[in-house]
Amino acid sequence: MNFKTFIKQIAKLEQAPLPASTSHSKLLPPTRQNQNTYSKAQLENAKQAAVMALIYPDNNQDANLVLILRKTYKGAHSAQIAFPGGKREPEDDSLKTTALRETYEEIGVPIAQMHVIKQLSKVYIPPSNFNVQPYLGYVAHTPQFIKQDSEVEALIEVKLEALLKNANLKNAQVQTSYNTQVEVPAFQLNGNIVWGATAMMLSEVKDIIKPLVSH
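Residues numbered from 1 in each chain as written. Predicted model: local features only at pLDDT ≥ 70, side-chain atom pairs only at ≥ 80, totals over all residues. Heavy atoms only, no water.

Remarks on helix 5 (residues 95–107)
Link 1 in the chain: With 13 residues, helix 5 extends 18 Å between its outermost C-alpha atoms, agreeing within 8% with the 18 Å of an ideal straight helix rising 1.5 Å per residue.
Link 2 in the chain: Looking at helix 5, one finds that the buried residues are L95, T98, A99, L100, R101, E102, T103, E106 and I107.
Link 3 in the chain: Looking at the buried residues of helix 5, the elements they touch are strand 1 (47–57), strand 2 (63–70), strand 4 (85–87), strand 5 (114–119), strand 7 (130–139) and strand 8 (152–159).
Link 4 in the chain: Looking one or two places after helix 5, you find G108, whose phi comes out positive at around 80°. (Helix = DSSP H or I, 4+ residues; strand = E, 2+ residues; numbered from the N terminus. Expected span 1.5 Å × (residues − 1). Buried < 20%, exposed > 50% of the residue type's maximum accessible area, 1.4 Å probe, protein only. Contact = heavy atoms within 4.5 Å.)

This is the structure we're talking about:
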């Protein structure tokens, strides 16, 4: 998909309703509950984080989306594929600020160059007790990425067209944070298996963009 085609849909994207659990449930691992089964208190008392689904033109002016491969460490999200983003810090005046700051820190895109289109639906992550607020945004020009070596193992640049293709939805065997092997629904993107919370968020991104560009 040409980046200009994506840009032309921004006004419609801003108004598009969020499918939330309808999208999330398509990529919901069998080991976890749907978002609406957690209590309001549980979600409010969870740690808060924010991430950015950032769309940008590559050198061929194709619309891309950037993901990151996290470093291997002792923690629930070691070596997983995710959106750039992270924990809300006390100095962040909003979760939107968190998403912009963390994206700049992790992949080097200046905050002033990022345009936030809309807030997406939150996803609760039980293993780490984070309630994550995703945002959909874009950069008008091809970014010069600078990865944060302490946090990010690699950047994964995915063509938006690949995300929208149903053929890239698969079932995959993965190792969970509970040290068990399970079969999960996942996206296969650039040879990588993307599952869990990130896949649930990607499912919503796909479901709000695809109807606007498929006719």
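Some remarks on the pairing of strand 10 (residues 181–189)
Link 1 in the chain: Direction of pairing for strand 9 (residues 169–175) relative to strand 10: antiparallel, over a ladder of seven bridges. Its bridge partner being in strand 10, L169 is matched across the sheet by F187.
Link 2 in the chain: Hairpin connection of strand 10 to strand 11 (residues 192–194): two residues between the antiparallel strands, including N190 at a positive phi of 55°. (Pairing = 2+ DSSP bridges.)

Quick notes on the sheet that holds strand 11
Strands pair in a sheet through their backbones, by hydrogen bonds, and they do so in one of two ways: parallel or antiparallel.
Link 1 in the chain: If you walk across this open sheet you meet the three strands as 9-10-11, and the pairing is antiparallel. Where the open sheet ends on each side, the last strands, each with one partner, are strand 9 and strand 11. Across the sheet, the mean angle separating the axes of adjacent strands is 55° when strand polarity is ignored.
Link 2 in the chain: Bridge count between strand 10 and strand 11: three bridges; the pairing is antiparallel. The residue of strand 11 that forms the bridge with F187 is V194.
Link 3 in the chain: Helix 7 (residues 196–213) contacts strand 9, strand 10 and strand 11 of the sheet and is inclined by roughly 40° relative to strand 10. (Axes fitted to C-alpha atoms, helices over the stretch in contact; angles between N-to-C directions.)

What to know about the environment of L164
Link 1 in the chain: By secondary structure assignment, the location of L164 is in helix 6 (residues 160–164).
Link 2 in the chain: We classify L164 as buried; its relative accessible area is 6%.
Link 3 in the chain: When the C-alpha positions of L164 and T98 are compared, they lie 27 Å apart, and in sequence the two are 66 residues distant.

With respect to the side chain of T103
Link 1 in the chain: The topology assignment puts T103 in helix 5.
Link 2 in the chain: Looking at T103, the relative accessible area reads 0%, which means it is buried.
Link 3 in the chain: Sequence-distant contacts of T103, defined by excluding residues within four places in its chain, comprise M52, L54, P84, G108, V109 and M114.

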